[in-house]
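# Topology and contacts: notes
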Amino acid sequence: MNSTIFSMVAAVPLLICVAACDKPATQSSKLSTDTEAKNVETATDKWATIDKWKGQWNGPEGTFLRIDGGAGNYNLTIQNLDGKLTYTGIGIGEEIQFERNGIKETIHASNGAQTGMKWLSDKSDCLTIRVGEGYCRK
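The structure contained in this document is the topic of the report that follows. (Residues numbered from 1 in each chain as written. Predicted model: local features only at pLDDT ≥ 70, side-chain atom pairs only at ≥ 80, totals over all residues. Heavy atoms only, no water.)

### Here we look at the overall build of the protein chain
- Scanning the protein chain from N- to C-terminus turns up three helices and eight strands.
- Tracing the protein chain from N to C terminus, the helices and strands come up as α-α-β-β-β-β-β-β-α-β-β.
- Relative to its full complement of 138 residues, the protein chain shows a buried share of 28%.
- Within the protein chain, contacts between residues separated by at least 24 positions form 29% of all contacts whose residues are at least 6 apart in sequence.
- Approximately 9,300 Å² of the protein chain is accessible, and the part contributed by carbon and sulfur atoms is 57%. (Helix = DSSP H or I, 4+ residues; strand = E, 2+ residues; numbered from the N terminus. Buried < 20%, exposed > 50% of the residue type's maximum accessible area, 1.4 Å probe, protein only. Contact = heavy atoms within 4.5 Å. Areas by Shrake-Rupley, 256 points an atom, 1.4 Å probe, with all protein chains shown as cover.)

Rendered as structure tokens:
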């Protein structure tokens, strides 16, 4: 009988250790899952503003800017009076950066007046590359 009691007494600390060790692992797994969910949410939110720009934006006299792609990587088509050209852009903050003729350009949100173009001055939802080069939806 003494050996049975001794075995039971010896087993109790082992059970306590196993139970105690299991809880932090469970909490750690939960923290890891929460962190992964936040990282996915943050990545999605990071490009939300720019991704809303996808589609065609019109300028005067048949010019336009078309944005395709998403999540920070964009294909840009710019139709100006000289023709249509395509570029690859990347999201940086709340702008799309691309290189045109060796010059780093940026596309940013604006209104019609900020485009510097009288044909667009009454518009409210626009994108501008530089003053005098803008495209609007509304």
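Next comes the rest of the description.
### Let's talk about the environment of V131
- By secondary structure assignment, the location of V131 is in the loop between β7 (126-130) and β8 (133-136).
- Judged by relative accessible area, which is 68%, V131 ranks as exposed.
- Contact partners of V131, with chain neighbours within four places excluded, come to T115 and G116.

### Comments concerning the packing of aromatic side chains
- A complete count under the given rule lists one aromatic pair for this structure.
- Considering the side-chain rings of Y87 and F98, the 5.3 Å spacing of their centres and the 50° angle between planes classify their relative orientation as tilted. Residue Y87 is found in strand β4 (residues 83-92), and its partner F98 is found in strand β5 (residues 95-100); the two are separated by eleven residues along the sequence. Grouping residues by exposure puts Y87 and F98 together as buried. (Phe/Tyr/Trp six-rings, centres within 6.5 Å; stacked < 30°, edge-to-face > 60°.)

### Some details on the nonpolar core
- Counting residues in each nonpolar core, the largest one holds 16 residues, and the members touching the most others are W53, L65, I67, L76, I96 and I107.
- Residue assignment for this core shows that the elements contributing at least two residues are β2 (64-70), β3 (73-80), β5 and β7.
- Ranked by residues supplied to this core, first place goes to β3 with three residues.
- Here I67 is in contact with W53, K54, G55, W57, Y74, N75, L76, I96 and L127, once residues within four sequence places are set aside. (Core = buried A, V, L, I, M, F, W, Y, C linked by side-chain atoms within 4.5 Å.)

### Digging into unusual backbone geometry
- Even without a glycine there, the phi angle at E61 is positive, about 55°.
- A positive phi angle is found at N101, which is not glycine, with a value near 55°.
- Judged by its relative accessible area of 72%, N101 is exposed.

### A few points about the pairing of β7
- β7 sits mainly inside the fold: four of its five residues count as buried.
- Relative to β7, strand β6 (residues 103-110) runs antiparallel, the two being bridged by three bridges. Looking at the pairing, A109 lines up with L127 of β7.
- By the bridge criterion, four bridges tie β7 to β8 in an arrangement that is antiparallel. Bridge pairing in β8 places C126 opposite C136. (Pairing = 2+ DSSP bridges.)

### Points about the state of the cysteines
- All told, the structure shown has one disulfide when counted by the stated rule.
- In this model, C126 is linked to C136 through a disulfide, with the two sulfur atoms separated by 2.0 Å. Disulfide C126 to C136: torsion about the S-S bond roughly 100°, handedness right-handed. Placement of the pair is C126 in strand β7 and C136 in strand β8, with a sequence separation of ten residues. (Disulfide = S-S within 2.5 Å.)

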